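Spelled out, the chains give:
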Amino acid sequence: MKKITFKGIFVPTISLFVICLVVALLLGFTNELTKDAIAENQQKKADEAKQAVCSQAITFEGEKGLEIEVYRGFDKDGNLVGYAIPAKSKGYGGDVEIMVGFDTEGSITGVSIVSINETPGLGMNAQKDSFRSQFEGEIPDGGFSAKKGGEGIKQIDALTSATITSEAVSQAVNNAINVYNSLEGGGN
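Residues numbered from 1 in each chain as written. Predicted model: local features only at pLDDT ≥ 70, side-chain atom pairs only at ≥ 80, totals over all residues. Heavy atoms only, no water.

Asks: Break down the packing of aromatic side chains for me, citing the residues and quoting the values.
Replies: Enumeration over the complete set of coordinates arrives at four aromatic pairs. Note on Phe135 and Phe144: the rings are 5.0 Å apart at their centroids and 70° apart in plane angle, and the pair reads as edge-to-face. Each of the two residues, Phe135 as well as Phe144, counts as buried. In textbook terms, an aromatic cluster arises when at least three aromatic residues are bridged by ring pairs, as seen for Tyr83, Phe102 and Tyr180. (Phe/Tyr/Trp six-rings, centres within 6.5 Å; stacked < 30°, edge-to-face > 60°. Buried < 20%, exposed > 50% of the residue type's maximum accessible area, 1.4 Å probe, protein only.)

Asks: Mind laying out the nonpolar core, listing which residues take part and the relevant values?
Replies: Formed by 30 residues in total, the largest nonpolar core has its most connected members in Ile98, Phe102, Ile108 and Val173. The contact partners of Ile98, leaving out residues within four places of it in the chain, are Ile85, Pro86, Ala87, Val111, Ser112, Ile113, Val114, Val169, Ala172 and Val173. Of all hydrophobic cores here, the second largest spans six residues; its members include Ala49, Val53, Tyr71 and Met99. (Core = buried A, V, L, I, M, F, W, Y, C linked by side-chain atoms within 4.5 Å. Contact = heavy atoms within 4.5 Å.)

Asks: Kindly report on the environment of Val53, identifying the contributing residues and their values.
Replies: By the element assignment, Val53 lies in helix α1 (residues 6–53). Along the primary structure Val53 and Val11 are separated by 42 residues, whereas in three dimensions their C-alpha atoms are 60 Å apart. Beyond its immediate sequence surroundings of up to four residues, Val53 is in contact with Ala84, Met99, Val100, Gly101, Thr109, Gly110, Val111 and Ser112. (Helix = DSSP H or I, 4+ residues; strand = E, 2+ residues; numbered from the N terminus.)

Written out as structure tokens, the structure reads:
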């Protein structure tokens, strides 16, 4: 049996500490180096989502409240043409972040996925137009659900083997509807 010595414990411990310190410093440096580019890409994706869900708008003016965020969309003449409201809900693989567009009459003009990390081939199908287009049109009184609901709830066709994701998107759309309805005059 080999005898345990101070050198036999100290040298590997210090070596491991130095390696961990170097790796941590490199990760910190990389994070610092890329954080602006990441923030810029996230802002670009959010801007593209606003434009996708409120296509008549040329410019957007954001309003941030305590816990809500609303972007009012204006045409080239400065007339209000709609709203883009970000929302999120907990999905199978984490938060599902979306942008929901509303026109000035209170109908949903589009739903765009901003951030999603669901199961490839199943939950990631939430990005497809065929799924997202189910939310467009007049807002149902009880909102949307991927599960059988009560009166006034519009049941959407859930993604095959991805009911949790389908329900998460439905809940996020319902969250955006609640924000829209909380605006003075129901958005107008």
